[in-house]
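Chain by chain, the residues run as shown.
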Amino acid sequence: MNLAVQDTAHVVDAANVMRLLPTRPRLLALGEPTHGEHVLLDLRNELFRQLVEREGYRTIAIESDCVTGLVVDDFVTSGAGSLDEAMARGFSHGWGAFPANRELVRWMRAYNDGRPAAERLRFAGFDGPLEITGAASPRRALSALHAYLAARVDTGLLPCTADTLDRLLGADDGWTNPAAMMDPAESVGQTPEARQLRLLADDLVALLDAQTPQLIAASSRDAWDRARLYGRTATGLLRYHFWMADTSPSRLARLLGVRDSMMAANLLAVAERGPVLVNAHNGHLQRHRSRMRMGGLRLEWWSAGAIVDAHLGEAYAFLATALGTIRHHGVDAPPPDTVEGMLYALPDDRYVVDARRLAAALGDVTPPARVSPWFGYSPLDPAHLGSADGIVFVRDALAG
């Protein structure tokens, strides 16, 4: 069996990745089975450089706050601010502290220096302003959308004033209360004010769409795209807060689904720039339905990758990533009968495998799933090998 596996394995580089695919995708998604491993971030950086230099890629999108990511994009495209400011203010989830992310941003800025706007690299976060402890206030996105419109359309077309938004939003502490994550009664998402804000946000987004020709002419395509991002974020956050206040058994599944739906909408928007390298957890980029257990409940929802794939078809490609060992987290060599074990038995330190050829080589044999002793690592699902275009395998992750 390992001879068949080895026959599908190639060096991880842009050329070999493209050979796996029927066409150059607008969104090339590179997953990761866990966050924060330096070897995976370094590999991502090198692959992005090759895609830029050899395949014409100009954008990278990562699993970080889409609104704060604008700070990084401003820095890499125009030099606004400083590298330290971009790392401190432009990432969520603590990603700005990782050396490989800093090196990515530094390299992108250096690449762009002196280049015309059409050739510059772009950076995007595609997650919502969401942390595991809760969600941000919709104030920033909603106020920015209103300000963009108020400066460019007749006042009579606006559904409300900025003061009305401020009054309805109230104090941000109510929106960001971490207790609301586990206790619906602590959420402000279904108050009369929040319900009115959802209607106003919808009207503002509709106005943005209806005035598109005038708005692009009066500002720029980039400014209009940014306003669309604010609109998606405002409506998504208000929807997320609404379901945080829900008391039904489907509450957590709804929240997971809303988050991935927000991710998918951001990816589809950034794909309009195309082509884009996307980097996030395998679970957000996979093509099949996501499942997990939480609080004794079995939760199911569609991942961002599945939603995007339904829209883009062959213009979306997904490379799952797997690790052999993460010994600094107690994850030793995988059992030889698992997919990771078969890949680990090959001599190279890292390579990309044609996932569909690997699934065909296994035939009717479904290997047992690897069980990780560390909750932070998500093993490959042997039942869904063929739903990826490729598997990037790294033999050993070392502590950074």
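Residues numbered from 1 in each chain as written. Predicted model: local features only at pLDDT ≥ 70, side-chain atom pairs only at ≥ 80, totals over all residues. Heavy atoms only, no water.

## Considerations on the overall build of the protein chain
Applied cut-off: Secondary structure counts use DSSP, requiring at least four H or I residues in a row for a helix and at least two E residues in a row for a strand, with both numbered from the N terminus. The globule rule used here is 2.2 Å times the number of residues to the 0.38 power, and the radius of gyration it is set against is calculated over C-alpha atoms. The buried label applies to any residue whose accessible area, calculated with a 1.4 Å probe on protein chains only, is under 20% of its type's maximum; exposed applies above 50%, and partly exposed to all values in between. Residues count as neighbours in contact if any of their non-hydrogen atoms are within 4.5 Å of one another. Exposure was quantified through the Shrake-Rupley algorithm and a 1.4 Å probe, taking into account, for residues, occlusion by the shown protein chains and nothing else. Positive charges come from Lys and Arg, negative ones from Asp and Glu, while His and the chain ends are left out of the count. Where a charge sits is defined by one atom per residue type, namely NZ (Lys), CZ (Arg), CG (Asp) or CD (Glu).
Helices and strands together make up the secondary structure of the protein chain, namely 17 helices and twelve strands. Taking 2.2 N^0.38 as the reference for a compact globule, 400 residues should give roughly 21 Å; the C-alpha atoms of the protein chain span a radius of gyration of 22 Å, in line with that estimate. For the protein chain, the spread of C-alpha atoms along the three principal axes comes to 70 × 55 × 35 Å. Across the 400 residues in the protein chain, those meeting the buried criterion constitute 53%. A separation threshold of at least 6 residues defines the contact pool for the protein chain, and within that pool the share at least 24 residues apart is 78%. When the accessible surface of the protein chain is totalled, it reaches about 17,100 Å², and 52% of it is carbon and sulfur. When the 40 positive and 48 negative side-chain charges of the protein chain are each reduced to one mean point, those points stand 2 Å apart.

## So, the packing of helix α4 (residues 69-78) against helix α6 (residues 99-112)
For clarity, the cut-off: The angle between two axes is taken between their N-to-C directions and runs from 0 to 180 degrees, where each axis is a line fitted to C-alpha atoms and a helix contributes only its stretch in contact. Classification convention: Asp, Glu, Lys, Arg as charged; Ala, Val, Leu, Ile, Met, Phe, Trp, Tyr, Cys, Pro as nonpolar; all other residues, Gly among them, as polar.
The contact between α4 and α6 brings their axes to 7 Å, and the two run at 35°. Contact residues: α4 offers Val72, Phe75, Val76, Thr77 and Ser78, while α6 offers Val105, Met108, Arg109 and Asn112. Split by residue class, the contact of α4 with α6 holds five nonpolar, three polar and one charged.

## A short note on the nonpolar core
Cut-off, in case you're wondering: Definition of nonpolar core: a set of buried residues of the types Ala, Val, Leu, Ile, Met, Phe, Trp, Tyr and Cys, connected through side-chain atoms within 4.5 Å.
One finds Leu27, Leu28, Phe48, Met108 and Leu343 to be the most contacted residues of the largest nonpolar core, which totals 83 residues. Formed by 29 residues, the second largest nonpolar core is a distinct cluster that contains Leu158, Cys160, Leu169 and Leu208.

## Details of the packing of aromatic side chains
Remark: the centre distance and the inter-plane angle together describe each pair of aromatic rings, the angle taken between the planes. Put simply, the rule reads: Only rings of Phe, Tyr and Trp enter the pairing, Trp through its six-membered ring, and a pair is recorded when the two centres are within 6.5 Å. The plane angle decides the type: under 30 degrees is stacked, over 60 is edge-to-face, the rest tilted. Two conditions define a charge located above a ring, namely a distance within 6 Å from the ring centre to NZ of Lys or CZ of Arg, and an angle within 35 degrees of the ring normal.
Across all of its chains, the model carries seven aromatic pairs by this definition. Between the aromatic rings of Phe91 and Phe123, the centroid separation amounts to 5.5 Å while the plane-to-plane angle is 65°, which identifies the pairing as edge-to-face. Here Phe91, found in the loop between α5 (83-89) and α6, pairs with Phe123, found in strand β4 (residues 122-127); they are 32 residues apart in sequence, far enough to count as distant. Of the two residues examined, Phe91 and Phe123, each falls in the buried class. Linked through ring pairs, Phe48, Trp107 and Tyr111 together constitute an aromatic cluster. One Lys or Arg, Arg115, reaches over the ring of Tyr111 and ends 3.7 Å from the middle of that ring.

## A word on α6
Heads up, the condition is: By this rule the span expected of a helix is its residue count minus one, scaled by 1.5 Å.
Between its first and last C-alpha, α6 extends 20 Å over 14 residues, near the 20 Å set by a 1.5 Å rise per residue. Among the residues of α6, Ala100, Asn101, Leu104, Val105, Trp107, Met108, Arg109, Tyr111 and Asn112 are the ones counted as buried. On its buried face, α6 is in contact with α3 (38-55), β3 (59-65), α4, α5 and β4. Just downstream of α6 lies Gly114, where phi reads positive at about 85°.

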